[in-house]
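Here are the chains, one letter per residue:
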Amino acid sequence: MTSADNLQAFKREGRIVIVGASLAGLRAAETLREEGFTGSLTMIGDELGEPYDRPPLSKQVLTGWVAADGTTLPRRRDVDAEWLLGVPASGLDLATNHVRLADGRDIPFDRVLISTGVRARPWFVESEAALDGVFVLRTREHAEGLQRALAAGPSRVLVIGAGFTGSEIASICRERGIEVTVAELAPAPLVGALGAMIGDVAADMQRAHGVDLRCGVKVTRLEGDAQGRFCRAHFDDGSTVDADVAVVALGGIRNTEWLRGSGLAAGVWGIACDTGCRALDLNGLVTDDVFAAGDVARCPNPVYEYRLISLEHWANAVEQAEVAAHNMVNGQADRWPHLTLPVFWSIQFGVNIKSVGVPTFADEVIVSQGSVSDHRFVAVYGYRGRVTAAVSFDNAKWLDHYRKLIETAAPFPPPCPTPDQPADTKPVPVDFPGPQLLAQGATVVVTGHDPGERRVTAAQQHHR
Amino acid sequence: MRVVVDLSRCEGYAQCAFLAPDAFRMHGEEALMYDPAPDDDQRDRVLRAAAACPVQAILVDRLEGREAPVEASRS
Ligand SMILES: Cc1cc2nc3c(=O)[nH]c(=O)nc-3n(C[C@H](O)[C@H](O)[C@H](O)COP(=O)(O)OP(=O)(O)OC[C@H]3O[C@@H](n4cnc5c(N)ncnc54)[C@H](O)[C@@H]3O)c2cc1C
Ligand code: SF4
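Reading guide: rules and limits
Residues numbered from 1 in each chain as written. Chains lettered and ligands numbered in written order. Predicted model: local features only at pLDDT ≥ 70, side-chain atom pairs only at ≥ 80, totals over all residues. Heavy atoms only, no water. UniProt positions renumbered as here; feature names shortened; annotations may be inferred. Helix = DSSP H or I, 4+ residues; strand = E, 2+ residues; numbered from the N terminus. Rg over C-alpha atoms; globule rule 2.2 N^0.38 Å. Buried < 20%, exposed > 50% of the residue type's maximum accessible area, 1.4 Å probe, protein only. Contact = heavy atoms within 4.5 Å. pLDDT = per-residue confidence, 0-100. Buried area = accessible area lost by both parts, 1.4 Å probe. Salt bridge = Lys/Arg side-chain N within 4 Å of Asp/Glu carboxyl O. Near = heavy atom within 4 Å. Polar contact = N/O pair within 3.5 Å; in protein donor to acceptor, adjacent residues only side chain to side chain. Areas by Shrake-Rupley, 256 points an atom, 1.4 Å probe, with all protein chains shown as cover. Phe/Tyr/Trp six-rings, centres within 6.5 Å; stacked < 30°, edge-to-face > 60°. Domains from an automatic or database assignment. Pairing = 2+ DSSP bridges. Patch = residues over 30% accessible without salt bridge, like charges linked within 9 Å, V, L, I, M, F, W, Y side chains within 5 Å. Lys, Arg positive; Asp, Glu negative; His and termini not counted. Charge placed at Lys NZ, Arg CZ, Asp CG, Glu CD.

As annotated in an unreviewed UniProt entry, chain B is Ferredoxin from Streptomyces musisoli. Checking UniProt for chain B, the heading Cofactor (unreviewed entry) contains the comment "[3Fe-4S] cluster".

Where an unreviewed UniProt entry is consulted, chain A appears under the name NAD(P)/FAD-dependent oxidoreductase, with the organism given as Streptomyces musisoli. What UniProt states about chain A under its Cofactor (unreviewed entry) heading is, verbatim, "FAD".

1. Some remarks on the overall build of chain A
The number of helices and strands found in chain A is nine helices and 31 strands. Relative to the globule expectation of 23 Å for 464 residues, the C-alpha radius of gyration of chain A, 23 Å, shows essentially globular dimensions. For chain A, the spread of C-alpha atoms along the principal axes amounts to about 65 × 60 × 50 Å. Relative to its full complement of 464 residues, chain A shows a buried share of 57%. Look at the contacts in chain A between residues 6 or more apart in sequence, and 63% of them connect residues 24 or more apart.

2. Details of the UniProt feature "domain: FAD/NAD(P)-binding" (unreviewed entry) in chain A
When the UniProt feature table is mapped onto this chain, "domain: FAD/NAD(P)-binding" (unreviewed entry) is found at residues 15-321 of chain A. Between the end C-alpha atoms of residues 15-321 of chain A there is a gap of 17 Å, over a span that is 23% helix and 31% strand.

3. Here we look at the confidence of the model for chain A
Residues and elements named next belong to chain A. Looking at chain A as a whole, its pLDDT mean stands at 92, while 92% of the residues score no less than 70. Counted against residues more than four places away or in other chains, residues 435-449, with its pLDDT under 50, gives 32 contacts. Residue range residues 460-464 is modelled with pLDDT below 50. Its contacts to residues more than four positions away, or to other chains, number ten contacts.

4. Examining the interface of chain A and chain B
Of the residues lining the interface, 41 residues belong to chain A; the matching set on chain B comes to 38 residues. Overall, the association of chain A and chain B removes approximately 3,400 Å² of surface from exposure, summing both partners, and the carbon and sulfur fraction of that is 55%. On the surface where chain A and chain B come into contact, there are two salt bridges. The salt bridge partner of A:Glu50 is B:Arg2, with a shortest N-O separation of 3.1 Å.

5. A word on the site of ligand 1
Residues and elements named next belong to chain A. Contacts to ligand 1 come from 31 residues, most closely from Asp46, Glu47, Arg54, Lys59 and Asp295. Separating an oxygen atom of ligand 1 from a side-chain N or O atom of Asp295 is a distance of 2.7 Å. In the complex, the protein chains occlude 94% of the 1,000 Å² of accessible area that ligand 1 would expose alone. Contributing elements (two or more residues each) for the shell around ligand 1: α2 (23-34), α8 (314-328) and β24 (343-348).

6. Some words on the pattern of salt bridges
Where side chains of opposite charge bring their charged atoms close, a pairing between them can arise. The full count for this structure, using the stated rule, is 30 salt bridges over all chains. One salt bridge connects A:Asp212 with A:Arg214, and the closest N-O pair in it is separated by 3.1 Å. Assessed through its relative accessible area of 26%, A:Asp212 is described here as partly exposed. A:Arg214 sits in the partly exposed class, given a relative accessible area of 25%. One network of salt bridges, with partners in common, ties together A:Glu50, A:Arg75, B:Arg2 and B:Asp61.

7. Points about the packing of aromatic side chains
Residues and elements named next belong to chain A. According to the stated counting rule, one finds seven aromatic pairs over all chains in the structure shown. On the basis of an interplanar angle of 40° and a centroid distance of 5.8 Å, the ring pair of Phe10 and Phe37 is categorised as tilted. With a gap of 27 residues between them, Phe10 in helix α1 (residues 4-13) and Phe37 in the loop between α2 and β2 (40-45) connect regions that are remote in the sequence. Each member of the pair, Phe10 as well as Phe37, carries the same accessibility label: buried. Between Phe164 and Phe344 the ring centres are 4.5 Å apart and the planes differ by 55°, which places this aromatic pair in the tilted class. Here Phe344 lies in strand β24 and Phe164 lies in helix α6 (residues 164-175), a separation of 180 residues in the sequence. With respect to class, Phe164 is no different from Phe344; both count as buried. Members of the aromatic cluster, connected to one another through ring pairs, are Tyr304, Phe361 and Tyr383.

8. Quick word on the domain arrangement of chain A
Residue and element names in this part refer to chain A. Domains assigned within chain A are domain 1 (3-119 + 253-334), domain 2 (126-250) and domain 3 (350-429). Between domain 1 and domain 2, the C-alpha centre-to-centre distance is 32 Å. At the junction of the two partners, domain 1 supplies 19 residues and domain 2 supplies 15 residues. For the pairing of domain 1 and domain 2, the buried interface totals around 1,400 Å² over both sides, and the portion due to carbon and sulfur atoms is 58%. Together, Ser58, Leu62 and Thr63 form the three largest contributors to the area buried by domain 1 at its contact with domain 2, with a combined 37%. Applying the counting rule to domain 1 against domain 2 returns two salt bridges. The salt bridge involving Asp295 is made with Arg138; its shortest N-O contact spans 3.0 Å.

9. Brief notes about the environment of A:Ile169
All names here are of chain A. With respect to the helices and strands, Ile169 occurs in helix α6. Once the C-alpha coordinates of Ile169 and His313 are considered, the two residues, 144 residues apart in sequence, prove to be 18 Å apart. Setting aside chain neighbours within four positions, we find Ile169 in contact with Leu62, Leu137, Leu146, Val159 and Val247.

10. Brief notes about the sheet that holds strand β12 (residues 212-215) of chain A
Strand pairs in the sheet, formed through backbone hydrogen bonds, run parallel or antiparallel to each other. Residue and element names in this part refer to chain A. Spatially, β9-β16-β10-β11-β12 is the arrangement adopted by the five strands of the open sheet, whose pairing is parallel. Looking at which strands have only one partner, the edges of the open sheet turn out to be β9 (134-135) and β12. Strand direction decides the pairing type here: strand β11 (residues 180-184) and β12, joined by four bridges, are parallel. Each bridged residue has a counterpart across the sheet, and for Glu184 the counterpart in β12 is Cys215.

11. Things to note about the UniProt feature "domain: Reductase C-terminal" (unreviewed entry) in chain A
Here the UniProt-annotated "domain: Reductase C-terminal" (unreviewed entry) positions come out as residues 344-414 of chain A. Along residues 344-414 of chain A the backbone is 13% helical and 51% strand, and the end-to-end C-alpha distance reaches 21 Å.

12. A few points about a negative patch on the surface
Residue and element names in this part refer to chain B. Taken together, the side chains of Asp22, Asp39, Asp40 and Asp41 define an acidic patch exposed on the protein surface. As for its position among the elements, Asp22 is in the loop between α1 (15-19) and β2 (24-27). Owing to a relative accessible area of 45%, Asp22 belongs among the partly exposed residues under this scheme.

13. What about the confidence of the model for chain B?
Low pLDDT means the predicted coordinates in that region are not meant to be read closely. Taken as a whole, chain B shows an average pLDDT of 86; of its residues, 83% reach a score of 70 or greater. On the interface metric, ipTM, the complex scores 0.89, and its pTM is 0.93.

See the structure below:
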C-alpha cells in the first residue's frame, strides 16, 4: 500500500487471510471489522469448530465442572468471514501471495496474518506416546480425554514436567483426591520460568498438598501392559512409578513447519517480527503484507534491550492480534507498536500466581512484600540494578504498582510499598537452570561476503 | 451464553462471585474460577457481574439474542 487511495481500496475490497483460527486469529478478525475493513476475510484453521479458550482446559475443565466443549470464546462482534476449518495450511507463497492448504487448494490474499500458535510437545518415543492412558494437554479433545481418565479414578497419575501446565494438572489431581507423582528434570517446579527462589516455594506448595514431587530426575521409559495400557514409568535413577495415567507436560512446539521455504524468519523460536507484528523475512527485513500474532510470534521489546521475545500468554495473544489487525488496515503513519509488558496468571493449589514483565530477564530477585511461608507475597526481579519483572502469589492487586516500576526502569531493589515489609529482604541471585529462553533458537547462519550478496539462509532445524 | 474472563486483568475482587455465584467462584483467596458457558437463565446475573467488575475483565458474548452464527464450515 503506497498511497492513501490504495489503502482505502484495500480496506474496502482487499483480501485478508488469517491462518490459525484460535484466540489470536479470532480477536484479529474482530478488530479488522471494527476498524472498518469490509473486504473478504478468510479464516483457515486445522481444528474443527469455533475458536475456544485454552486456559480453562487445565483448570475448570479438568476438575469436571465445565465440559471440554464448553469453552467456546465469546464474540465481540460478527466477523463475517469464510471459515475453512479442518484442513491445515501447508505452505505460504510470497511470490504470488497464496496460502497453500494441505488438500491442495490455494487461497489468494493481499495481506495475511499468521497465528498458528503452539502444539504440545509429544513424548519422544512414539510407541510409548501411543499407549492408552498417556496424554498431552493443548486442545479441547486432549482435555476431554484426560478429564475422563481422571473421572475414572486412577490409582495414580504421573505428570512429566513441572511447568505451569504440569503443576496445574497436579493441583487438580490433588483436588480430586487422586494420588499424583510429578517428575521434573530441573531442581524444582516452575524454575525455568521463574527461577530457583519461586521454584522452592512451588515445591513446598506441591508437597504440602500431598504431591509426590521428584525433581532432578528424568523419565526414560513409559511401560505398557499386554493390553497396551500405560502402567509404569522408569526413571534415569533406576526407580519406577506405577500409575494408570501419564500426562506429558513438556511445553510446546511452535507451529512454523508449514512456513519452511516461505522466506520468512520462522523457525523453532517462532516468527520474528517488529513491534507492529509485521513479520521479518530471513534477512531480517520487515515485510509489508505478512503479520504474526500470539504464541507463534516473536517480537522485540524495548524494555528488554529490544530482544526478541516469544510468549505463551493469553493476554499477549489478544494484544498482538489487535495491534496486528490495526496495522494491517492502516498506513505507516498510523501504525501501533505492541509495547505492553507481558502478563501471565496461573491457578494452582488454591493460589493465584501472576507475573508482569520478563522474569527470565534478571540477575537478582527479592521478596518485596508479604510472607513467603504464607504463600502470599510479591517477588521482584532486577537486572543490573533496575526492576524488570514481578511475580505475585495471592497478591494480584499489587502487580500494577510493579508494572509501573518496570516501565520507568525503577532502581532495584524497590522499597516495600506496604506495611507488611518482609523480615528478610536481601536480593539473591535469580538462578535459572542453563541458558535462558530469550537467547534460544539461533538456527540461522549468515552467509555471503559482499554487502550486496550477504544473505541469511535457514540452517537445518532439528525437531525432537 | 458464553463468557471469558481476562484473568491477567482480574484482581480477585470477587464482586462477580457475589452477583452470580453459579457462574463465578473464588478458588482459595483470590483465584477466580468461572463457567465459560453458563445457562441462559443466568444471563441477567452474569451481565450484572460483568458490569460490576472493577477492572472490566469479564467479556460476555456480544452476539446475544440470536445464537452465534455457525459459520464454521468445511467448504
Ligand atoms: C492447558 C493450557 C492452559 C493455559 N493456561 C494459561 C494461563 O493460565 N494463563 C495464560 O496467560 N495463558 C495460558 N495458556 C496459554 C494460552 O492459551 C495461549 O497463549 C493462547 O491460546 C494463544 O493463542 P494463539 O491463538 O496464539 O495460539 P493457539 O491457541 O495455539 O491457536 C493456534 C491455532 O492455529 C491452529 N494451527 C496450527 N497450525 C496450523 C496450520 N498449519 N494451518 C491451520 N491452522 C493451524 C491450531 O490448531 C490452533 O487452533 C494456556 C494454554 C493451555 C494449552
Ligand atoms: S469482579 Fe472482576 S476483578 Fe473481581 S474477581 Fe470477578 S473478574 Fe476478577
